[in-house]
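Report on the structure
Below are the chains, spelled out letter by letter.
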Amino acid sequence: MANKQVLTGDDTLKINGDIIEDLADGESVVISFPNELFTMEKGKNGNAIYAKNESGSITDMTARVLLGSNNDKTLNSLLLSQKQDFIGSSFIDVEFIKRLGDGAGNVSSVNYFLEGGMFKKEVDTKSSASGDVEQAVAVYTLQFARVKRILS
C-alpha cells in the first residue's frame with residue numbers, strides 16, 4: 001500500500017471577483033453546510049422513505065479579515081449596503097480555490113463556487129487588555145443559496 005501526501009496552504013478567496021488578501025490568523029476561511037441533503041424515515045416491514053432536503057445546499061462561509069484593512073472596509077461597505085436597502089441589494093458571489101500538491105511537483109485544486117450570498121449576521125468586536133489578538137479580527141458570516149465544488 002502506497003503512502004499518500006498532500007501539500008496545501010496557498011488558498012485564494014475571491015469575493016465578487018476581488019481577491020481577499022487581508023486574511024487573519026487561524027481558520028481564516030471556513031465553508032460549511034449546516035443542513036442534511038436528505039431525510040429518511042423507516043416504516044413498516046423495513047420500508048424506507050427518502051426525501052430530498054433542498055436546504056441541504058445552503059452554504060455558510062466565515063471569513064476572518066484584519067480589522068480596519070482594505071478588505072474589511074470593502075466587506076463592511078457591502079454589509080452596510082445590504083442593511084440600508086435589503087430589497088435593492090446585490091447578491092455576493094465567492095470563489096474559494098484550495099491548491100494541492102502531491103510532493104512530486106503535481107498540482108491540483110478544489111474550487112468552491114458560492115452564489116446567491118448575503119451577510120447572515122453583524123460583525124462582532126471586542127477589546128482586550130490581556131493581549132487577545134482576536135480584537136484585531138473582523139469575522140464576516142455569509143450564507144449562500146447555491147454551491148458547486150469542482151476538483152481539477
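Higher on the page you've got the structure.
Residues numbered from 1 in each chain as written. Predicted model: local features only at pLDDT ≥ 70, side-chain atom pairs only at ≥ 80, totals over all residues. Heavy atoms only, no water.

1. Some thoughts on the pairing of strand β8 (residues 92-101)
For β8, the buried fraction is high: seven of the ten residues fall into the buried class. Where strand β1 (residues 7-8) and β8 come together, two bridges link them in antiparallel fashion. Bridge pairing in β8 links L7 to G101. Taken together, the four bridges between strand β2 (residues 12-15) and β8 define a ladder with antiparallel strand orientation. Bridge assignment links K14 to a residue of β8, and that residue is E95. Counting the residues in the hairpin turn of β8 and strand β9 (residues 107-119) gives five residues, including G103, whose phi is positive at 85°. (Buried < 20%, exposed > 50% of the residue type's maximum accessible area, 1.4 Å probe, protein only. Helix = DSSP H or I, 4+ residues; strand = E, 2+ residues; numbered from the N terminus. Pairing = 2+ DSSP bridges.)

2. A short note on the nonpolar core
The biggest cluster of nonpolar side chains holds 22 residues, and the ones touching the most others in it are L13, I15, M61, V94 and Y140. Going through the elements one at a time, β2, β4 (29-32), β7 (59-66), α1 (70-84), β8, β9 and β10 (137-144) are the ones with two or more residues in this core. Other than its neighbours up to four places away in sequence, V94 contacts L13, K14, I15, M61, Y112, F113, L114 and F144. (Core = buried A, V, L, I, M, F, W, Y, C linked by side-chain atoms within 4.5 Å. Contact = heavy atoms within 4.5 Å.)

3. Some thoughts on the pattern of salt bridges
Taken as a whole and assessed by the stated rule, the structure comprises ten salt bridges. Of the charged contacts, one joins D60 and K120 as a salt bridge, the two residues approaching to 3.5 Å between their closest N and O atoms. Here K120 lies in the loop between β9 and β10 and D60 lies in strand β7, a separation of 60 residues in the sequence. Residue classification places D60 among the buried positions, given a relative accessible area of 13%. On the accessibility criterion, K120 (46% relative accessible area) is partly exposed. (Salt bridge = Lys/Arg side-chain N within 4 Å of Asp/Glu carboxyl O.)

4. Here we look at unusual backbone geometry
The backbone of N16 shows a phi angle near 50°, a positive value even though the residue is not glycine. Counting through the fold element by element, N16 comes out in the loop between β2 and β3 (18-19). For N45, which is not glycine, the phi torsion reads 60° and is therefore positive. Note that N45 resides in the loop between β5 (38-42) and β6 (48-52). You can call N45 exposed: its relative accessible area is 74%.

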